[in-house]
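Below, each chain spelled out in residue letters.
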Amino acid sequence: MKKTLTATLAAGLIANGAAQADDGRHTHLVTSLMSAINSYDANGALEVLDPDYRQHNPFIPDTAAGLVSLFPSMKDAGVNVETVLMLEDGDNVVAFNRWGNAEIFGQGCAHMAAFDFFFVNQDNKLAAHWDAMMCERPPNASGRSIADGVTEITDLHKTEENKAKLSTAFDTFINGTPEQAAAALTTYFHTDYRQHNPDGSDGIEGFMAAQMSAEVTPRWQFTRLHKLVGQGNYVLAISEGLHNGVHSVFYDLVRFENGKIAEHWDVIQAVPTEGLANNNTMFDF
C-alpha cells in the first residue's frame, strides 16, 4: 500500500490517471473528500458533504457529522486512501479505492480494496454513499491483484452501448438457464479476458474452474442487479446474491475492448446483520 496521499497527489491521480470524467463536474467533490480523509480534515470534508448525507455503509453513522466523527479514530489508526479509478455517470461518481491501515473497518486486514459510490444532489454536494470493501489478497493464479491493471478511460461515445451489454449479460446470469448463462460468457467476454478476482484466473475456463471449485457451488450466484453505471470502456454493476452461500453485495467492474469484456475486477462483501450503525441497507439506490 502506498503512503498517504496529499491533496495535491490525490488530485493528480484523478486528473492524470484513468479516472477523469468528460467534464469533471462532480469528480472534484470526491477527490476533495478523499484528500480530506487523508489529512483527517473534518472541515474540508464538510465543505463537500450535504449535512443530511445518507450513509449506506452499515458500520458508519448517518449524516456528514456522523462520518467526520470517525476522523479522530482514523487518524489514530493512520488510515489512508488511494484512488485507482474514478467514473462519473450523471449524478453518480464511483471511486475504486485502496485503503491502508484499514483494520478499523472491522475485517481484520490492513489493506483493503473498495468501491465507493456517491450520489451528487442539486446543490452540488455529496448526498449519499454506498460501498463494499474486501481484504486485499496475494495475486491470483494468473498473477493479477485485486486493483492493478487499470488503464485510461476511452470510447466515451460507447458508454450506453457498453452498459446495455452488461445489463443484458446480468439478466441472463440471473434469470437464464445454466446453458444460457454459459452462452452469455462466450457472447460478452473475450475468451482470454483478464481476471483480477483473487479466487479466479484469466479466461472463461479460469472463471468456470473457480465458480465450480468452491465448497458451496456455484461460488458466485447473482440474484438481483441493483445499479449499473459506466463511463466509456468501463462499466460497474452493483448486484446482490450469494458468495460461497453467504448473502453478499457484489461490485463488478469490467473493461470493454472491441465490443467484449476484456478485463474484470470485483469487490464482494457479506451483508451484515449485527452491529449496524444505520438502517439504510447496502442497497436502496
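To be clear, the structure that these remarks concern was listed above.
Predicted model, so just to flag it, every value in this text is computed and none were measured. (Residues numbered from 1 in each chain as written. Predicted model: local features only at pLDDT ≥ 70, side-chain atom pairs only at ≥ 80, totals over all residues. Heavy atoms only, no water.)

1. Describing the overall build of the protein chain
Phase 1: The helix and strand tally for the protein chain stands at eight helices and ten strands.
Phase 2: The C-alpha radius of gyration computed for the protein chain amounts to 18 Å, which stays within 12% of the reference 19 Å derived for 285 residues, consistent with globular compactness.
Phase 3: If you line up the protein chain on its principal axes, its C-alpha atoms span 55 × 40 × 35 Å.
Phase 4: Looking at the protein chain residue by residue over its 285 residues, the buried ones come to 53%.
Phase 5: Considering only contacts within the protein chain whose residues lie at least 6 apart along the sequence, 57% involve residues at least 24 apart.
Phase 6: Only carbon and sulfur atoms are counted for the fraction: they give 50% of the accessible area of the protein chain, which is about 12,400 Å². (Helix = DSSP H or I, 4+ residues; strand = E, 2+ residues; numbered from the N terminus. Rg over C-alpha atoms; globule rule 2.2 N^0.38 Å. Buried < 20%, exposed > 50% of the residue type's maximum accessible area, 1.4 Å probe, protein only. Contact = heavy atoms within 4.5 Å. Areas by Shrake-Rupley, 256 points an atom, 1.4 Å probe, with all protein chains shown as cover.)

2. Here we look at the pattern of salt bridges
Phase 1: Per the stated rule, a full pass over the model turns up eleven salt bridges.
Phase 2: One salt bridge connects Glu 88 with Arg 25, and the closest N-O pair in it is separated by 3.8 Å. Note that Glu 88 is positioned in strand β2 (residues 80-89) and Arg 25 in the loop between α1 (7-16) and α2 (27-39), a separation of 63 residues in sequence.
Phase 3: Glu 88 sits in the buried class, given a relative accessible area of 8%.
Phase 4: As a salt-bridge pair, Arg 255 and Glu 263 come within 3.0 Å of each other at their nearest N and O atoms.
Phase 5: Judged by its relative accessible area of 9%, Arg 255 falls in the buried class.
Phase 6: Residue class for Glu 263 comes out buried when judged on its relative accessible area of 1%.
Phase 7: A single salt-bridge network, built from bridges that share partners, covers Arg 25, Glu 88 and Asp 91. (Salt bridge = Lys/Arg side-chain N within 4 Å of Asp/Glu carboxyl O.)

3. Some details on the pairing of strand β3 (residues 92-100)
Every other side chain in a regular strand lies on the same face of the sheet, so the side chains alternate between the two faces.
Phase 1: Burial within β3 is extensive, with eight of its nine residues counted as buried.
Phase 2: Two elements, β2 and β3, share nine bridges in a ladder whose sense is antiparallel. Its bridge partner lying in β3, Asp 89 is registered against Asn 92. (Pairing = 2+ DSSP bridges.)

4. Description of the packing of aromatic side chains
Phase 1: All told, the structure shown has twelve aromatic pairs when counted by the stated rule.
Phase 2: Between Phe 117 and Trp 130, the aromatic rings sit 5.5 Å apart at their centres with planes inclined by 75 degrees, giving edge-to-face as the arrangement. Note that Phe 117 is positioned in strand β4 (residues 112-120) and Trp 130 in strand β5 (residues 126-135), a separation of 13 residues in sequence. No difference in accessibility class separates Phe 117 from Trp 130, as the two residues are buried.
Phase 3: For the ring pair Phe 207 and Trp 220, a centre distance of 5.5 Å and an interplane angle of 20 degrees mean the geometry is stacked. Residue Phe 207 is found in helix α8 (residues 203-212), and its partner Trp 220 is found in strand β7 (residues 220-231); the two are separated by 13 residues along the sequence.
Phase 4: Look at Trp 220 and you get buried, because its relative accessible area is 7%.
Phase 5: Here a set of aromatic residues connected by ring pairs shows up, and it is made of Phe 170, Phe 173, Phe 222 and Phe 250.
Phase 6: Positioned over the ring face of Trp 220 is Arg 219, at 5.7 Å from the centre of the ring. (Phe/Tyr/Trp six-rings, centres within 6.5 Å; stacked < 30°, edge-to-face > 60°. Lys NZ or Arg CZ within 6 Å of the ring centre and 35° of its normal.)

5. Regarding the environment of Phe 256
Phase 1: Structurally, Phe 256 is set in strand β9 (residues 246-257).
Phase 2: Take Phe 256: its relative accessible area is 3%, and that puts it in the buried class.
Phase 3: For the pair formed by Phe 256 and Thr 154, sequence separation is 102 residues and the distance between their alpha carbons is 9.6 Å.
Phase 4: Residues in contact with Phe 256, not counting those within four places in the same chain, are Asn 162, Lys 165, Leu 166, Asn 233, Val 235, Ile 261 and Ala 262.

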